[in-house]
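What follows is the residue order along each chain.
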Amino acid sequence: MEKEQEFEVLCHFCAIGKKTIKASSLVEAKQIVESDYSTHFDEIIRLTEPCKFDEVMLTKSDEHQHNLEYKSWGAE
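Notes on the structure in this doc start here. None of these values were measured; they are calculated from a predicted model.

1. With respect to the overall build of the chain
Here is step 1 of the chain: Scanning the chain from N- to C-terminus turns up 1 helix and 5 strands.
Here is step 2 of the chain: In the chain, the succession of α and β elements from N to C terminus is β-β-α-β-β-β.
Here is step 3 of the chain: Taken over 76 residues, the chain has a buried fraction of 4%.
Here is step 4 of the chain: Sequence-distant contacts in the chain: of pairs separated by 6 or more residues, those separated by 24 or more amount to 56%.
Here is step 5 of the chain: Approximately 7100 Å² of the chain is accessible, and the part contributed by carbon and sulfur atoms is 54%.

And the structure:
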């Protein structure tokens with residue numbers, strides 16, 4: 001049996017999230033949230049699509065976390 005390795009996977013995803021916005025009206029709150037690229041959400045409720053991989057970094061799971069391999073997804 002092969003030894004399991006640890007993978008750091010970078011991906012992007014679509015989700016339904018909850019965020020508290022301070023605004024004077026619902027219209028203003030909508031404008032703020034649609035123009036804000038902040039990643040700070042009060043809660044991520046659920047993913048709406050599967051994650052899409054951007055890059056994969058293979059790391060050796062030991063006390064020093066050595067980077068062994070770096071691949072740009074789709075480069076092969």
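More follows now that the structure is in view.
2. Topic: the pattern of salt bridges
Here is step 1 of the chain: All chains considered together, the criterion is met by 2 salt bridges.
Here is step 2 of the chain: For K52, the salt bridge is made with E49, and the minimal N-O distance between the two is 3.0 Å.
Here is step 3 of the chain: A relative accessible area of 42% means that K52 is categorised as partly exposed.
Here is step 4 of the chain: Given the relative accessible area of 37%, E49 is considered partly exposed.

Reading guide: rules and limits
Residues numbered from 1 in each chain as written. Predicted model: local features only at pLDDT ≥ 70, side-chain atom pairs only at ≥ 80, totals over all residues. Heavy atoms only, no water. Helix = DSSP H or I, 4+ residues; strand = E, 2+ residues; numbered from the N terminus. Buried < 20%, exposed > 50% of the residue type's maximum accessible area, 1.4 Å probe, protein only. Contact = heavy atoms within 4.5 Å. Areas by Shrake-Rupley, 256 points an atom, 1.4 Å probe, with all protein chains shown as cover. Salt bridge = Lys/Arg side-chain N within 4 Å of Asp/Glu carboxyl O.

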